[in-house]
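Working through the structure, step by step
What follows is the residue order along each chain.
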Amino acid sequence: LQEPWPTQSSGINAEYGGKCQPGYFAEDAGSASCSACSPGTFSANNGTTECTGCAAGQYSDTNATVTCSACGTGSYSEGNATICNLCRPGSASAKKGSATCSICSAGSSTEGTRGAVSCTTCTMGTHASVEGSATCSICHSGSFSNATGTVNCSLCDAGSTSESNATSCSLCVPGSYADTAGSPTCAPCGKGTYSGKAGCTKCDRCSAGSYQDLTGQTNCSLCAKGSYQAQEGSTSCTDCPNNRTFTTYRAGSDKMQDCQGPMLSAAEEKQTVNYTDTATVEFTASTSLTASTGDWLLRNQETPVSEYYVIKQGRSLRSARE
């Protein structure tokens, strides 16, 4: 092994005027021997009494160095260096002999590489929010980046969302919603609500006379005949009173008052006639009912004696045979 401080065996070198040759030094001018400069130092002239440390950006890794070497690209050194250090991730050096590495600006990185020569701009869908980022981070769900070199990802608007690493946002599909900007997902509409179009920021409540007992729906269902619902945002309808003895004569009823008269068979409903003019309906010499505009006349032809009913607006069904 080479000694760190080898002594020149020939002592004073006559070739250099009886003085120490470059790469060596002697503290005393009249010394009979010279010592080699240690790594990290050099001596370029003869007759040196002390070695000089390598400047920043240079290095010397051997004894008796006459000149220090410049650090290569992607590395740097401070003074008196015996080796050059690779630039850490998030910094780079494009020139030889660099005393420091340049920090990557926000929106760029070295992609995790040590000893980078230059910084790389972040691709779309990623960002670097601070200087000296080792890597670019992907945009999280609910955000996006549609340009290179992005510092901060943009939040998706309310009513839309995105997957991670996105370059754009997508509208929430019908039946779902996102009520705030940057929502990571679109939430399904709850029971009793719906959204009928894309990009909703909230779900609408089912109107009175309708219901929805499922989630993620695009519309509500009307209450069937024989039931009603007076409240908005309902998940079911209420049967007419008296164990469905009374009924409604249309779907989508929104109040109990729509429950009128006994339930009719399909055959009876087919005989329903909507009167448009005031009229008197004669049944017998002693029985008659008056039908007015908006009233309904119902006739059951399946019984031996025809039965007629008149439904007065806002009143219960009455029988002509009462």
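1. Section: the overall build of the protein chain
Secondary structure assignment for the protein chain yields 2 helices and 34 strands. Considering the protein chain as a whole, with its 322 residues, one finds that 34% of them fall into the buried category. Accessible area of the protein chain: about 17,700 Å², with a carbon and sulfur share of 47%.

2. So, the state of the cysteines
The final tally for this structure, using the stated rule, is 13 disulfides. Here C122 connects covalently by a disulfide to C136, the sulfurs 2.0 Å from one another. Taking the sign of the S-S torsion, about -80° here, the bridge from C122 to C136 comes out left-handed. Of the two residues, C122 is situated in the loop between β12 (120–121) and β13 (126–127) and C136 in the loop between β13 and β14 (137–138); the sequence distance between them amounts to 14 residues.

3. Some words on the pattern of salt bridges
Two side chains bearing opposite charge may form a pair once their charged atoms approach each other closely. Scanning the entire structure with this criterion turns up 4 salt bridges. As a salt-bridge pair, K202 and D204 come within 3.3 Å of each other at their nearest N and O atoms. For D204, a relative accessible area of 33% puts it in the partly exposed group. Between E232 and R205 there is a salt bridge, and its shortest N-O distance comes to 4.0 Å. Placement of the pair is E232 in the loop between β25 (227–228) and β26 (238–239) and R205 in strand β22 (residues 204–205), with a sequence separation of 27 residues. Here E232 falls in the partly exposed class, since its relative accessible area comes to 46%.

4. Remarks on the side chain of S43
Checked against the element boundaries, S43 lands in the loop between β3 (41–42) and β4 (52–53). Owing to a relative accessible area of 2%, S43 belongs among the buried residues under this scheme. Among the polar contacts made by the side chain of S43, one reaches the main-chain carbonyl oxygen of Y24 at a distance of 3.4 Å. If we skip the residues at most four places from it in the chain, S43 touches P22, G23, Y24, C37, T48, C51, T65 and V66.

5. Focus on the environment of A99
Relative to the assigned elements, A99 resides in the loop between β9 (91–92) and β10 (102–103). Its relative accessible area of 33% is what places A99 among the partly exposed residues. Expressed as a C-alpha distance, the spacing of A99 and G79, which sit 20 residues apart in the sequence, is 8.5 Å. Residues contacting A99, with those up to four places away along its chain left out, are A56, G57, Y76 and S77.

6. Focus: the side chain of T65
Within the secondary structure, T65 is located in the loop between β5 (58–59) and β6 (69–70). A polar contact of 2.5 Å, which involves the side chain of T65, links it to the side chain of S60. Excluding its chain neighbours within four sequence positions, the residues that come into contact with T65 are G23, C37, T41, F42, S43 and S60.

7. Some remarks on the confidence of the model for the protein chain
Residue-level pLDDT values for the protein chain average 81, and 73% of them are 70 or greater. Across residues 266–322 the pLDDT falls below 50, and counting only partners more than four positions away or on other chains, this stretch makes 103 contacts in the model.

8. Describing unusual backbone geometry
Leaving glycine out, the prevailing phi sign among residues is negative, and the prevailing peptide bond configuration is trans. Backbone geometry at A64 places phi at a positive 60°, although glycine is not the residue there. Secondary-structure assignment places A64 in the loop between β5 and β6. Judged by relative accessible area, which is 23%, A64 ranks as partly exposed. The residue E111 is not glycine, and still its phi comes out positive at about 55°. By the element assignment, E111 lies in the loop between β11 (108–109) and β12. Using a relative accessible area of 58% as the deciding quantity, one classes E111 as exposed.

9. Describing the environment of N165
Checked against the element boundaries, N165 lands in the loop between β17 (160–161) and β18 (170–171). Judged by its relative accessible area of 41%, N165 is partly exposed. Measuring from C-alpha to C-alpha, the distance between N165 and M124 comes to 8.0 Å, with 41 residues separating the pair along the chain. With near-sequence residues (within four places) excluded, N165 lies in contact with M124, G125, T126, I138 and C139.

10. Brief notes about the environment of A158
Inspection of the secondary structure puts A158 in the loop between β16 (154–155) and β17. Owing to a relative accessible area of 31%, A158 belongs among the partly exposed residues under this scheme. Through-space distance from the C-alpha of A158 to that of S183 is 7.2 Å; in sequence the pair is 25 residues apart. Once residues lying within four places of it in the same chain are set aside, the contact partners of A158 are A178, D179, T180, A181 and T201.

Cut-offs used in this document
- Residues numbered from 1 in each chain as written.
- Predicted model: local features only at pLDDT ≥ 70, side-chain atom pairs only at ≥ 80, totals over all residues.
- Heavy atoms only, no water.
- Helix = DSSP H or I, 4+ residues; strand = E, 2+ residues; numbered from the N terminus.
- Buried < 20%, exposed > 50% of the residue type's maximum accessible area, 1.4 Å probe, protein only.
- Areas by Shrake-Rupley, 256 points an atom, 1.4 Å probe, with all protein chains shown as cover.
- Disulfide = S-S within 2.5 Å.
- Salt bridge = Lys/Arg side-chain N within 4 Å of Asp/Glu carboxyl O.
- Polar contact = N/O pair within 3.5 Å; in protein donor to acceptor, adjacent residues only side chain to side chain.
- Contact = heavy atoms within 4.5 Å.
- pLDDT = per-residue confidence, 0-100.

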